[in-house]
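Each chain, written out:
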Amino acid sequence: MNARAVLERRPAVSRRANAARWTTAERIVLTCVITGLLGSFVALTEFLAAMRAQATSNSIIPAEVLKTPLYYAAHAAQIALLVTGGVIALHYTNPRLIEPGYLSRFALFLGAGFLMTVRGYSLAELLSTKLVDSTGPFVCLISLLVFVGARRKNWRVLNKVLAIMAVLFSTLAMIAMAHVQGASRAEATMQMANVLNILYWPAAWLVLKKHARNSIGGRLRFFPIAIYALGSVFVQTRLNIVMLFGLLLMYTYLQRKRRVPQSPVWIIGIGLTVWVSLATAVFFSETRAFRKLEDAATAFSERLDEDTRTGQLQSFMESVGPSELVLGRGAMATWQWGAVTWRGGTDIGYLTLLLYGGVPLLVTYILVHIRPSLAVLRRNPNDWQVTAAAIVLLWSLRMFSSSYPGMTLEYYPVLFCVGACISREVLPTEALRRGRHR
């Protein structure tokens, strides 16, 4: 290499080295996020333990669970840490490196959250712990995490976080399945529903992301989602099956976009499924574990056509007038569900947004959280953004059922992926590559 080539190479190497270094602000953001996620996990384990201890006949309403002091401490810590990390990430976000106009739309979304809070809280409630309620203003403020995901360098850590979550919650799901005694849906739901809801998102990320050929991650990518599918039989939740089909469609779409041949994958997948089914039927049909699974599958098949939505929606429409949905009933809203005054949402997430914040909250939520994923799929961006867009679209599908934005481990991966969708950042190596092609 001659002297001129060395001189031309030095600035490029220097730029890559500088880009690889973590600034103090970036370290603080990631520290807040990781410790906040740990706090959320502690709160989850405390909640599940309290729910199992207080359950009667394997059934209890989550809102009626008496939480421990450790739960409240962990819950408060996770909110403070995650919001702090989001605020710092927003402060250091360059508007030119995210989707144009996004900051304005995000401000409108926070404004809709403020309106929801004013309409739903009294002054005394604003000064109490109800301020951090699951339907209060912090459900909107937690969306600041999108600015953590908008920084591409942060994904060097977020990728590892999602992989750890997939392994951790796969393990917890298998432990929960081992403790289920029979085909009781109530028991299985109490044991593992929350774990499965969280597991889906890191498991889906591992399935959808692009893996290096013959890598360990590529070979094991389907294992966590297989655990999710197995657990879904025990909890007998139809939404989980819908989400599995949605994931399959998104995976097929992304692989086609990557120009990866589909036929071998389908042939191997179908063959493996048939082989596992036959082997299970021959060798494990008389075991206790197989009988539990068989009983759960039979019970699940019997409730596939069960209508659990019509009665709820009729009660909702009788209790809440259409005009009230224009601005919503505010945070802490209640409605009459049969003989019960229900303080909670519906089994349709978008309708729940209307209940609390009306049209302003629904429209700004879609513009801030859903629209960026559609914009990504219309162009031909980097693979990491396409994967994130697929995750966000799966969340938008899930919100047609009982899911709703919240301050839980289930929702945080979605917010990180929204951030990836709004990013317009180009790494120095990519800029150099593009320059060579000009």
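What you see is a predicted model, and the numbers here were worked out from it, not measured in a lab.

Caption draft 1: Region of interest: the overall build of the protein chain. A count of helical and extended segments in the protein chain gives 20 helices and two strands. Taken across its 438 residues, the protein chain has 45% of its residues classed as buried. Of the contacts formed within the protein chain by residues at least 6 apart in sequence, a portion of 76% connects residues at least 24 apart. For the protein chain, the computed accessible surface area is about 22,100 Å², with 65% contributed by carbon and sulfur atoms.

Caption draft 2: Quick peek at the pattern of salt bridges. Across all of its chains, the model carries ten salt bridges by this definition. For R424, the salt bridge is made with E99, and the minimal N-O distance between the two is 3.6 Å. In this pair, R424 is assigned in the loop between α19 (412–422) and α20 (428–437) and E99 in the loop between α3 (69–91) and α4 (102–120), connecting sequence segments 325 residues apart. Members of the salt-bridge network, linked through shared partners, are E26, R151, K153 and E425.

Caption draft 3: Geometry of helix α18 (residues 383–398). Taking 1.5 Å per residue, 16 residues should reach 22 Å; α18 reaches 23 Å between its end C-alpha atoms and fits that length. Judged by how many residues are buried, α18 sits mostly within the fold: 14 of 16 residues are covered.

Caption draft 4: Main features of the environment of L327. On the secondary structure map, L327 appears in helix α16 (residues 324–327). Accessibility expressed as a relative area gives 35% for L327, which makes it partly exposed. C-alpha separation for the pair L327 and M116, spaced 211 residues apart in sequence, amounts to 8.0 Å.

Caption draft 5: Main features of a nonpolar patch on the surface. On the surface, a cluster of nonpolar side chains totalling about 420 Å² of accessible area is made up of L115, V326, L327, V359, V363 and L367. When contributions to the nonpolar patch are tallied by element, the ones reaching two or more residues are α16 and α17 (349–378). Here V359 is to be found in helix α17.

Caption draft 6: Geometry of the packing of helix α2 (residues 24–54) against α3. Contact geometry for α2 and α3: axes closest at 7 Å, N-to-C directions at 155°. The pairing of α2 with α3 is recorded here as roughly antiparallel in orientation. Note that α2 runs across α3; the crossing there is left-handed. Residues belonging to the contact of α2 with α3 are distributed by class as follows: 16 nonpolar, eight polar and one charged.

Caption draft 7: Spatial organisation of the side chain of N240. Structurally, the position occupied by N240 is in helix α12 (residues 238–257). Of the residues examined, N240 reaches a relative accessible area of 2% and is grouped as buried. A polar contact of 3.0 Å, which involves the side chain of N240, links it to the side chain of S232. The residues touching N240, leaving out its near neighbours within four places in the chain, are L196, N197, Y228, S232, V235 and R398.

Caption draft 8: Geometry of α19. Among the eleven residues in α19, eleven count as buried, and that is most of the element. All buried positions along α19 are accounted for by Y412, P413, V414, L415, F416, C417, V418, G419, A420, C421 and I422.

Caption draft 9: View of the packing of aromatic side chains. The final tally for this structure, using the stated rule, is 19 aromatic pairs. Both rings, one in F41 and one in F169, keep their centres 5.9 Å apart while their planes meet at 85°; by these two values the pair is edge-to-face. Note that F41 is positioned in helix α2 and F169 in helix α8 (residues 155–179), a separation of 128 residues in sequence. Note on F41: relative accessible area 22%, which makes it partly exposed. The exposure class of F169 is buried, given its relative accessible area of 1%.

Caption draft 10: Here's a closer look at the environment of T252. One can find T252 in helix α12. Separated by 44 residues in the primary sequence, T252 and L208 have C-alpha atoms spaced 9.2 Å apart.

Caption draft 11: Molecular detail of unusual backbone geometry. Phi angles above zero are rare outside glycine, and M332 is one such case at about 70°. A relative accessible area of 14% places M332 in the buried class.

Caption draft 12: Highlighting the packing of α4 against α17. It is the contact of α4 with α17, at a shortest axis distance of 9 Å, that shows an interaxial angle of 150°. By the angle between their directions, the pair α4 and α17 is classed as roughly antiparallel. Crossing handedness for the pair α4 and α17: left-handed. Residues Y102, R105, F106, L108, F109, A112, G113, L115 and M116 of α4 form the contact with α17, whose own contacting residues are Y356, G357, P360, L361, T364, Y365, L367, V368, H369, R371 and P372. Split into classes, the residues belonging to the contact of α4 with α17 amount to 14 nonpolar, four polar and two charged.

Caption draft 13: Spotlight on the side chain of D133. If you trace the backbone, D133 turns up in the loop between α5 (123–126) and α6 (138–141). Polar contacts involving the side chain of D133 include one to the side chain of R343, which spans 3.1 Å. Discounting chain neighbours no more than four positions away, the residues touching D133 are Y121, V139, M332, R343 and M407.

Caption draft 14: Representation of the environment of G419 within the structure. Along the chain, G419 falls in helix α19. You can call G419 buried: its relative accessible area is 0%. Counting along the chain gives 50 residues from G419 to H369, while the straight-line C-alpha distance between them is 8.8 Å. Here G419 is in contact with V146, G149 and A150, once residues within four sequence places are set aside.

Caption draft 15: Layout of the confidence of the model for the protein chain. On average, residues of the protein chain carry a pLDDT of 82, and 79% of them reach 70 or more. Predicted confidence in the protein chain is weakest over α20, with a mean pLDDT of 48, and strongest over helix α7 (residues 146–149), with 97.

Rules and cut-offs
Residues numbered from 1 in each chain as written. Predicted model: local features only at pLDDT ≥ 70, side-chain atom pairs only at ≥ 80, totals over all residues. Heavy atoms only, no water. Helix = DSSP H or I, 4+ residues; strand = E, 2+ residues; numbered from the N terminus. Buried < 20%, exposed > 50% of the residue type's maximum accessible area, 1.4 Å probe, protein only. Contact = heavy atoms within 4.5 Å. Areas by Shrake-Rupley, 256 points an atom, 1.4 Å probe, with all protein chains shown as cover. Salt bridge = Lys/Arg side-chain N within 4 Å of Asp/Glu carboxyl O. Expected span 1.5 Å × (residues − 1). Patch = residues over 30% accessible without salt bridge, like charges linked within 9 Å, V, L, I, M, F, W, Y side chains within 5 Å. Axes fitted to C-alpha atoms, helices over the stretch in contact; angles between N-to-C directions. Parallel < 35°, antiparallel > 145°, perpendicular 65-115°, else oblique. Left-handed = near helix turned anticlockwise from the far one by under 90°. Nonpolar A, V, L, I, M, F, W, Y, C, P; charged D, E, K, R; others polar. Polar contact = N/O pair within 3.5 Å; in protein donor to acceptor, adjacent residues only side chain to side chain. Phe/Tyr/Trp six-rings, centres within 6.5 Å; stacked < 30°, edge-to-face > 60°. pLDDT = per-residue confidence, 0-100.

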